[in-house]
Amino acid sequence: MNTLLEILNIEYPIIQAPVGGIVTPALAAAVSNSGALGGLALSWSSPEDAEKKIEQLKLLTSKPVYANFVLNFEPKALKRTLELGVNIIQFSWGMPSIATVKLVKSFKAKIGVQVTDKDSASRAISLGADYLVCQGTQAGGHVQASMCLEKALIEVLQVTNAHIPVLASGGISCGKDMHKYLALGASGVVMGSRFVASYESGAHPIYKDHLVNSKEDDTVLTVCMNKGWDNATHRVIKNSTFKMWESDGCAKTGSRPGEFDILGKNASAVNIERYSFSAPTAEVTGHIEAMTLYAGTSVNNINETKSASNIVKDIWDDYLNH
């Protein structure tokens, strides 16, 4: 744990997951100000959009933050993010190229890479990763993993050493969960759903209510909500769209029931179609329940919406009590 805290310059080994569209500068700042590590999801941001988010973040915190880039998509804002002083860069859904690693290292920034087994972990380490994020299938959102977190973590730890800390990610929302994975050898934990159900997150209130009122069996790992990212599986809450698709025999893309239904509009007044992988933010209008509601199995322990600072405090206190 101490190596991780030193590398990331944080007080608590708790990292907020980069939930695209939902994580706001206010949320990332609140997490970091609490002594944990907040971060921004900048995979789909232009350099100009990333700059706006980072400048807003700087007004809210001087603590460390990270930026995440999904490598299934071109990281257009990576260089600008580094130029603006973000010194922790995390990659998922792909391995950074040698040129990308050199660029990040040229700014003396740390590199984190999401992995799912010992082979991907070995590859990330060979490229120069400073820390790893081991994801399991319990995770909400875009699930890169094919194994449960326990099994994946044991594999990954076989090929790492004391200088490469490993974060456990997937289905974690309380101190008891944190204690379990740190006891297995993880140096810290990543939490997504728990922070989505916070006051500072950009999630629509109806989405937050579903997180608070759902249990593990209400989530499903599926390809149903993949419009816009067709090679990804997702863990979501079983809503009316999923149930309609499942009852129709899980039809393939192009033949799904209601495939081109317009469910609502986003903040830019752009139509949101059924099966879109975009989660509803606070500004979205329309049939929110039918949209993509990402959630990990950790919803079992999410019973209310709280401030990010209280979430960090409660998790740490709970961890110490176990």
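Preceding this section is the structure that the text describes.
It should be emphasised that the depicted structure is a prediction, and the values quoted were computed from it without experimental measurement.

S.K.: In this structure, what is going on with the packing of aromatic side chains? I would like to understand it.
M.R.: For any pair of aromatic rings, the description rests on two quantities: the centre-to-centre distance and the angle between the ring planes. Tallied over the entire structure, the rule returns nine aromatic pairs. Aromatic pair W229 and F277: ring centres 5.9 Å apart, planes at 75 degrees, arrangement edge-to-face. Of this pair, W229 sits in the loop between strand 10 (219–222) and strand 11 (233–237) while F277 sits in the loop between strand 13 (271–273) and strand 14 (285–286), and the two are 48 residues apart along the sequence. Residue W229 is classed as buried on the basis of its relative accessible area of 2%. Overall, the relative accessible area of 13% leaves F277 in the buried class. Among the aromatic residues, those joined into a ring-pair cluster are W44, F73, W93, W229 and F277. Geometry around Y275 places R256 over its ring, the cationic atom sitting 4.3 Å from the centre.

S.K.: Sorry if this is basic, but what is going on with the sheet that holds strand 5 (residues 110–115) here?
M.R.: Working definition: the strands of a sheet are paired by backbone hydrogen bonds and lie parallel or antiparallel to each other. Spatial strand order, 1-9-8-6-5-4-3-2: eight strands in an open sheet with parallel pairing. Where the open sheet ends on each side, the last strands, each with one partner, are strand 1 (14–16) and strand 2 (38–41). The mean angle between the axes of side-by-side strands here comes to 25 degrees, regardless of whether they run parallel or antiparallel. Examined bridge by bridge, strand 5 and strand 6 (residues 131–135) share four bridges and lie parallel to one another. When the bridges of strand 6 are listed, Q114 appears paired with V133.

S.K.: What is the right way to read the pattern of salt bridges from this model?
M.R.: Pairing between side chains becomes possible if they bear opposite charge and their charged atoms approach one another. Following the criterion strictly, the structure yields nine salt bridges and no others. E51 serves as the salt-bridge partner of R80, at 3.2 Å between the closest nitrogen and oxygen. Here the residue R80 occupies a position in helix 4 (residues 78–83), and E51 occupies one in helix 3 (residues 47–60), the gap between them amounting to 29 residues. Residue classification places E51 among the partly exposed positions, given a relative accessible area of 28%. With a closest N to O distance of 2.8 Å, E259 and R256 form a salt bridge. Among the residues examined, R256 registers a relative accessible area of 6% and is labelled buried. Residues participating in the shared-partner salt-bridge network are E51, R80 and E83.

S.K.: Hey, could you run me through the packing of helix 7 (residues 149–157) against helix 8 (residues 175–184) in this one?
M.R.: Helix packing geometry: the angle between the two helix axes and the distance between the axes. Two numbers describe how helix 7 lies on helix 8: the axes approach to 10 Å, and their chain directions differ by 30 degrees. The angle between helix 7 and helix 8 places the two elements in the roughly parallel class. In the packing of helix 7 onto helix 8, the handedness of the crossing is right-handed. Within the contact between the two elements, helix 7 uses L149, E150, L153 and L157 and helix 8 uses K180, Y181 and L184. Here the residues of the contact of helix 7 with helix 8 are counted per class, giving five nonpolar, no polar and two charged.

S.K.: How do you make sense of the packing of helix 8 against helix 12 (residues 308–320) when you look at a structure like this?
M.R.: Direction vectors running N to C along helix 8 and helix 12 enclose 55 degrees, while the axes themselves pass 7 Å from each other. Relative to helix 12, helix 8 is oriented oblique. Like other packed secondary-structure pairs, helix 8 and helix 12 cross with a definite hand, here right-handed. When helix 8 is examined against helix 12, the residues G175, K176, M178, H179 and L182 are found in contact with a partner set consisting of I315, W316, D318 and Y319. Looking at the contact of helix 8 with helix 12 residue by residue, the classes come out as five nonpolar, two polar and two charged.

S.K.: How should I be thinking about the nonpolar core in this particular structure?
M.R.: Of all hydrophobic cores here, the largest spans 98 residues; its most connected members are L8, I89, L132, F195 and Y207. At six residues, the largest contribution of residues to this core is made by helix 12. Membership of the second largest hydrophobic core comes to six residues, among which are I272, V284, A290 and M291.

S.K.: Could you clarify how one ought to interpret the pairing of strand 2 in this entry?
M.R.: Along any regular strand the residues' side chains alternate between the sheet's two faces. Burial of strand 2 is two-sided: the residues G38 and L40 facing one way and the residues G39 and A41 facing the other way are all buried. Pairing of strand 2 with strand 3 (residues 65–70), which is carried by four bridges, proceeds in the parallel orientation. Pairing of G38 across the sheet is with V65, part of strand 3.

S.K.: Looking at this structure, how should I read the sheet that holds strand 7 (residues 141–143)?
M.R.: The sheet built from three strands is open, its strands ordered 7-11-10 with antiparallel pairing. Edge positions in the sheet fall to strand 7 and strand 10, since each has one partner strand and no second. When strand polarity is set aside, the average angle formed by the axes of neighbouring strands in this sheet is 30 degrees. Here four bridges tie strand 10 to strand 11, and the two strands are oriented antiparallel to one another. Directly across from T222, in strand 11, lies its bridge partner H234.

S.K.: What is the right way to read the side chain of T116 from this model?
M.R.: Summarising the element assignment, T116 is placed in the loop between strand 5 and helix 6 (118–127). T116 has contacts with Q135, Q144, A145, M147 and A152, leaving out every residue within four places of it along the chain.

Conventions used here
- Residues numbered from 1 in each chain as written.
- Predicted model: local features only at pLDDT ≥ 70, side-chain atom pairs only at ≥ 80, totals over all residues.
- Heavy atoms only, no water.
- Phe/Tyr/Trp six-rings, centres within 6.5 Å; stacked < 30°, edge-to-face > 60°.
- Helix = DSSP H or I, 4+ residues; strand = E, 2+ residues; numbered from the N terminus.
- Buried < 20%, exposed > 50% of the residue type's maximum accessible area, 1.4 Å probe, protein only.
- Lys NZ or Arg CZ within 6 Å of the ring centre and 35° of its normal.
- Pairing = 2+ DSSP bridges.
- Axes fitted to C-alpha atoms, helices over the stretch in contact; angles between N-to-C directions.
- Salt bridge = Lys/Arg side-chain N within 4 Å of Asp/Glu carboxyl O.
- Parallel < 35°, antiparallel > 145°, perpendicular 65-115°, else oblique.
- Left-handed = near helix turned anticlockwise from the far one by under 90°.
- Contact = heavy atoms within 4.5 Å.
- Nonpolar A, V, L, I, M, F, W, Y, C, P; charged D, E, K, R; others polar.
- Core = buried A, V, L, I, M, F, W, Y, C linked by side-chain atoms within 4.5 Å.

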